[in-house]
Amino acid sequence: MGVALTRSAQWTAAAGGGTGTLEITPLNEAILKEMIIFVESFIHKHPQEAKYVFVEPLEWKTNLDPSAFESGYVISRKTSLRDTQEGKHVGRPEKSTSSISPGRAQSAHKNADKTEEIISESSSESEEDEEPPDHRQEANADLPSEYWQIQKLVKYLKGGNQTATVIALCSMKDFNLAQETCQLAIRDVGGLEILINLLDTDEVKCKIGSLKILKEISHNPQIRRTIVDLGGLPVMVNILDSPHKILKCLAAETIANVAKFRRARQVVRHHGGITKLVALLDCAQNSTEPAQSSLYNERDVEVARCGALALWSCSKSYANKEAVRKAGGIPLLAQLLKTSHENMLIPVVGTLQECASEESYRAAIKAERIIENLVKNLNSENEQLQEHCAMAIYQCAEDEETRDLVRLHGGLKPLASLLNNTDNKERLAAVTGAIWKCSISKENVTKFREYRAIETLVGLLTDQPEEVLVNVVGALGECCQEYENQVLVRKCGGIQPLVNLLVGINQALLVNVTRAVGACAVEPESMMIIDRLDGVRLLWSLLKNPHPDVKASAAWALCPCIQNAKDAGEMVRSFVGGLELVVNLLKSDNQEVLASVCAAITNIAKDQENLAVITDHGVVPLLSKLANTNNDKLRRHLAEAISHCCMWGRNKVAFGEHKAVAPLVCYLKSNDTNVHRATAQALYQLSEDADNCITMHENGAVKLLLDMVGSPDQDLQEAAAGCISNIRRLALATEKARYT
C-alpha cells in the first residue's frame, strides 16, 4: 500500500537524482485526506483491532512549522500530538473506547472510499456487486454554490452547541437533498460521521433532524454504503425501540433506503433489526393513547407503514425472510392487508411478494387467507398496488390450491382486464406473470378464454420488453395445451410471432416459446404454418444451445412436430447433421435433456431410414448406458426409445449385449403406470431374442408381468402378455430340445 501511494503522489525534482519532497498539489491533498479518513474510520470496520493502542506515538521528521497545525494539537519541538486522549494510537493492549464526537469528527472529514476501493481491488466484495462504482467530485470541478454552503453548515454541526446544531440541521434540510451534489457535499466534508454521531445523543430534536437528512440522502447508493461503513445501521436499529413514534418512523424509513444491498441487510439482521421492524407492524401494540384514538391511529399506521417499508428492503435475502417469518411477521402483514390505506398496502404487499418465493411463506399465505385480499386489491386504482398484488399472485400461483383460490375469489377477470393497459410495463409484466402461473390449471384457462384473454395475449407477442414476452409466451404455452386454444392462437395470427421469437437469446424466453410452439404443433394446420416458416429447423438448431433447459424444451417441442409433419422422415433427414446431434445429446448429464431426447428418438425411430441412420451413430450403446436410472420420467421415455429402436436389424440383440435388459426389468417395480406400459412394450420387443428372455426370467420378470396382465390399461395388458408368451415359448422350445 505504501509503495502504491508513493507512486501515486506527486514529488518535486531532487538535486543529484535523489527523492524529492511532496508537492502541495490538489492530488496530494486529496490522497492525504483519504489517508486520514481511512485511518480514522478503521475503528468502525475493525472494532476488535481498534481496542489496541500504541503507548508511544508514531514519530517522523518533518519540515512543517507549528503554525501549520490547527487548534486541538499539542505542539513541542519534536512532536505533534492530538490533545489529551487522542494522542494515543496503536501498539500494546490497553483499554480504550472508540466513538465519534462532533469535536473529533472535525479531523475525520471527506470520505476515503477511493483509497478503500484501491486496497480491496485484490479481494472482491461480492456483497457490493449491486452497488455502482463511486463517483467523487473532482477537486477542481466547477461546483454549485449549494455544495460550499452545505459544507459550511456541516462545520457548524461539528463545533456548535445544541441550538446551533438544530438550526444547522434545519437549514441543511432546506436544500434540495435529492440532488446528488448536495448529498456528496455532506459526505465529502465528513458530515455523515456527524449525522450518525447525533443519533447517539439524548437530544430528540437532534436525532429527528439528523434522521430526516439521512433519510433523504440515503437514496444515493454511495451514501448508503458509507453509512454502513461508518456503523450507522446498528444505531438506527436501536432507535426502533424509542418511545417517540416519529423517531421510529424516520429510522425505519432510513433503514429501508440503506438496506438495498446484501451487506446492509446482514447488518440489520445481525443487530436484531428484523424482530424490531416486525414489532412495528403491530398497530394495536403501538397505540398507547386510547383517549385520542383517531390521531394516534394515524401515527400507528405510519409506524407500521415505515416498518413494512424497511422489511420490504430487508426481505430480499433468504435469511431475512426466515427471520421475518420466525418473528411472527406473516399474521401481522395479513392483518395490515385488510386496511384501506394504499400507502400502507404497497409496502405490505411488496414484502409479501418478496417472501412468497419461499415455500414456507406460500403455505402461510394460504393459511392466513391473504390471497382473497390480494385479489381484492387488484381492483384498486393505484397502479403500483395492482403491480405488487399481481406479482404476489405470480409467486404464489405455483401452488394448485392457490390458483383455485384466485379463481374462486374472482381474481381472473381483473387480471384479464389489466392486460389491456400496456403503458405501464412493470405492471404488465406482473399481470402477465400472474396469468401465466394461473393458466397451469385447466379451469382457469377456460375462464381466460371466456374473458378473451388469449386473443389479448397474442396481441402482446410483438413490441414488448422481454420480461413481458417471457410471461406472455409462458401463458400461451399453458393455454395451448387445449386443442380449442391452439386453433384460437392460429386464427389470431399467433404462430408467426411465436416462430419469430425462436431466434432470440433470452434463456427463459426460449424455454417458454419452444414449449408454446410445440403445443401449437399438435394442431395440423398450425404445424403446416410452423413448417412453412422454417420453425422446425429453428427448434432443431436450439438443440445446440448451451443452456440445458433450452435444449430440453426444444427437444420436447420437436416431438409433436415430427408426429404431425406430413412427411416427417424426409423433413428430419433434411437437417444436415441433425440426427447425429440428437444421438450425441444422449451423452448429457442433465436428466431433463436425456428424457426429452429419448422422446424425440422415439418419434424419429418411427421412420426406418432414420432409425438406420441413428443406429449407425451408436444410439443402442448410448441408450443402454442410461438404463441404470431411478428417474421415472427418464425411465418411461428411455423404455419407449428402446422399444422403437428394436425395430431395426439386430438392435434387439445389441441391447442385450450392452446389458440393458436386466435394468429394464427393475422398471416394472415403479409406481408409475406410464413406466410400466413403456417397459412392458420394450421387454416385449426384446423378448424376441432368446438370450434376452433368459435374462428377463433370471431377473424375475415373469411374476411382475403376470400382475400387469390384469391391468385396466389395454396396451400394458397386451405388451405384458406378449412378453410372457415369448418367454414361455422359449422355455417350451428348450424343454422340447432337451428330450429330443
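Residues numbered from 1 in each chain as written. Predicted model: local features only at pLDDT ≥ 70, side-chain atom pairs only at ≥ 80, totals over all residues. Heavy atoms only, no water.

### Topic: the overall build of the protein
Logical step 1: Assigned secondary structure in the protein consists of 47 helices and four strands.
Logical step 2: Counting across all 740 residues of the protein, residues that qualify as buried make up 50%.
Logical step 3: Long-range contacts, defined here as pairs at least 24 residues apart, represent 71% of the contacts in the protein between residues at least 6 apart. (Helix = DSSP H or I, 4+ residues; strand = E, 2+ residues; numbered from the N terminus. Buried < 20%, exposed > 50% of the residue type's maximum accessible area, 1.4 Å probe, protein only. Contact = heavy atoms within 4.5 Å.)

### As for the pattern of salt bridges
Logical step 1: Per the stated rule, a full pass over the model turns up 34 salt bridges.
Logical step 2: For Arg-305, the salt bridge identified is with Glu-302, shortest N-O distance 2.9 Å. Separated by three residues within a single helix, Arg-305 and Glu-302 lie in helix H17 (residues 293-314), roughly one turn from each other.
Logical step 3: Owing to a relative accessible area of 13%, Arg-305 belongs among the buried residues under this scheme.
Logical step 4: One salt bridge in this structure joins Glu-688 and Lys-652, with 3.8 Å as the shortest N-O distance. (Salt bridge = Lys/Arg side-chain N within 4 Å of Asp/Glu carboxyl O.)

### Quick notes on helix H19 (residues 329-336)
Logical step 1: Along H19, the residues that are buried comprise Gly-329, Ile-330, Leu-333, Ala-334 and Leu-336. All buried residues of H19 lie within an arc of 160° about the axis, which places them on one face of the element. (Arc of directions from axis to C-beta.)

### Here's the deal with the nonpolar core
Logical step 1: Counting 217 residues, the largest nonpolar core has Trp-540, Ile-614 and Leu-623 as the members making the most contacts within it.
Logical step 2: With nine residues, H17 is the largest single contributor of residues to this core. (Core = buried A, V, L, I, M, F, W, Y, C linked by side-chain atoms within 4.5 Å.)

### Describing the packing of helix H9 (residues 191-198) against helix H10 (residues 204-217)
Logical step 1: Contact pair H9 / H10: the axes reach a minimum separation of 8 Å and the direction vectors enclose 135°. Looking at the two axes, H9 sits oblique to H10. Here H9 runs over H10; the crossing is left-handed. Along the contact surface, H9 presents Leu-192, Leu-195, Ile-196 and Leu-198, while H10 presents Cys-206, Lys-207, Ser-210, Ile-213, Leu-214 and Ile-217.
Logical step 2: Counted by class, the contact of H9 with H10 contains eight nonpolar, one polar and one charged residues. (Axes fitted to C-alpha atoms, helices over the stretch in contact; angles between N-to-C directions. Parallel < 35°, antiparallel > 145°, perpendicular 65-115°, else oblique. Left-handed = near helix turned anticlockwise from the far one by under 90°. Nonpolar A, V, L, I, M, F, W, Y, C, P; charged D, E, K, R; others polar.)

### Details of the packing of aromatic side chains
Logical step 1: In total, this model carries two aromatic pairs according to the counting rule given.
Logical step 2: On the basis of an interplanar angle of 40° and a centroid distance of 6.4 Å, the ring pair of Tyr-394 and Trp-436 is categorised as tilted. Here Tyr-394 is found in helix H23 (residues 383-396), whereas its partner Trp-436 is found in helix H26 (residues 425-438), with 42 residues between them in sequence.
Logical step 3: Classification of Tyr-394 as partly exposed rests on a relative accessible area of 22%.
Logical step 4: On the numbers, 5.1 Å between centres and 40° between planes, the contact of Trp-540 with Phe-575 is tilted. Residue Trp-540 is located in helix H34 (residues 535-541), and its partner Phe-575 is located in the loop between helix H36 (568-573) and helix H37 (578-584); the two are separated by 35 residues in the primary sequence. Of the two residues examined, Trp-540 and Phe-575, each falls in the buried class.
Logical step 5: When the ring centre of Trp-436 is taken as origin, the NZ or CZ atom of Lys-437, which lies over that ring, is 4.0 Å away. (Phe/Tyr/Trp six-rings, centres within 6.5 Å; stacked < 30°, edge-to-face > 60°. Lys NZ or Arg CZ within 6 Å of the ring centre and 35° of its normal.)

### A look at unusual backbone geometry
Logical step 1: A positive phi angle, close to 55°, is found at Arg-369, a residue other than glycine.
Logical step 2: You can see Arg-369 is positioned in the loop between helix H21 (359-367) and helix H22 (370-377).
Logical step 3: According to the relative accessible area criterion, Arg-369 is exposed, its value standing at 59%.

### Brief notes about H22
Logical step 1: Among the eight residues that make up H22, six are buried, leaving the element largely enclosed by the rest of the structure.
Logical step 2: Of the residues making up H22, those classed as buried are Ile-370, Ile-371, Asn-373, Leu-374, Val-375 and Asn-377.
Logical step 3: Lining the buried residues of H22 we find H19, helix H20 (342-355), H21, H23 and helix H24 (400-408).

### Looking at the packing of helix H12 (residues 232-239) against helix H13 (residues 245-258)
Logical step 1: The interhelical angle for the contact between H12 and H13, taken along N-to-C directions, is 145°, at an axis separation of 8 Å. The chirality of how H12 crosses H13 is left-handed. Counted together, Leu-233, Met-236, Val-237 and Ile-239 of H12 and Leu-247, Lys-248, Ala-251, Thr-254, Ile-255 and Val-258 of H13 form the full contact between these two elements.
Logical step 2: Looking at the contact of H12 with H13 residue by residue, the class counts come to eight nonpolar, one polar and one charged.

### Brief notes about the confidence of the model for the protein
Logical step 1: The predicted model of the protein averages 82 in pLDDT, with 78% of residues at 70 or higher.
Logical step 2: Per-residue pLDDT stays below 50 along residues 77-129; that stretch engages in 115 contacts with residues further than four places along the chain or on separate chains.
Logical step 3: Ignoring residues within four places in sequence, the model shows residues 287-296, a span with pLDDT below 50, making seven contacts including any to other chains. (pLDDT = per-residue confidence, 0-100.)

### Remarks on the state of the cysteines
Logical step 1: Overall, the coordinates contain zero disulfides when judged by the stated rule.
Logical step 2: This cysteine, Cys-520, is not joined by any disulfide, and Cys-480 carries the nearest cysteine sulfur, 3.9 Å off.
Logical step 3: Cys-520 gets classed as buried once you look at its relative accessible area, which sits at 1%.
Logical step 4: Cys-723 takes part in no disulfide bond, and the closest cysteine sulfur, belonging to Cys-693, lies 6.6 Å away. (Disulfide = S-S within 2.5 Å.)

### Looking at the side chain of Thr-629
Logical step 1: Tracing the chain through its elements places Thr-629 in the loop between helix H40 (619-625) and helix H41 (632-645).
Logical step 2: Taking relative accessible area as the criterion, Thr-629 reaches 11% and is therefore assigned buried.
Logical step 3: A polar side-chain atom of Thr-629 sits 3.2 Å from the main-chain amide nitrogen of Asn-631.
Logical step 4: Apart from the residues within four sequence positions on either side, Thr-629 is in contact with Gln-591, Leu-634, Arg-635 and Tyr-667. (Polar contact = N/O pair within 3.5 Å; in protein donor to acceptor, adjacent residues only side chain to side chain.)

### A word on the environment of Val-267
Logical step 1: Tracing the chain through its elements places Val-267 in helix H14 (residues 262-270).
Logical step 2: For Val-267, a relative accessible area of 18% corresponds to the buried category.
Logical step 3: In sequence terms Val-267 and Pro-234 are 33 residues apart; their C-alpha atoms lie 7.3 Å from each other.
Logical step 4: The contacts of Val-267, once residues within four sequence positions are left out, are Val-228, Leu-233 and Pro-234.

### Section: the environment of Val-517
Logical step 1: Its location among the elements puts Val-517 in helix H32 (residues 507-520).
Logical step 2: Taking relative accessible area as the criterion, Val-517 reaches 2% and is therefore assigned buried.
Logical step 3: A sequence separation of 41 residues divides Val-517 from Leu-558, and the C-alpha atoms of the two residues are 9.2 Å apart.
Logical step 4: The residues contacting Val-517, other than those within four sequence positions of it, are Leu-498, Leu-502, Ile-530 and Leu-539.

### A short note on the environment of Arg-490
Logical step 1: Along the chain, Arg-490 turns up in helix H30 (residues 483-491).
Logical step 2: Residue Arg-490 is classed as buried on the basis of its relative accessible area of 17%.
Logical step 3: Along the primary structure Arg-490 and Ser-526 are separated by 36 residues, whereas in three dimensions their C-alpha atoms are 6.2 Å apart.
Logical step 4: Apart from the residues lying within four places of it in its own chain, the contact partners of Arg-490 are Ile-495, Glu-523, Glu-525, Ser-526 and Ile-529.

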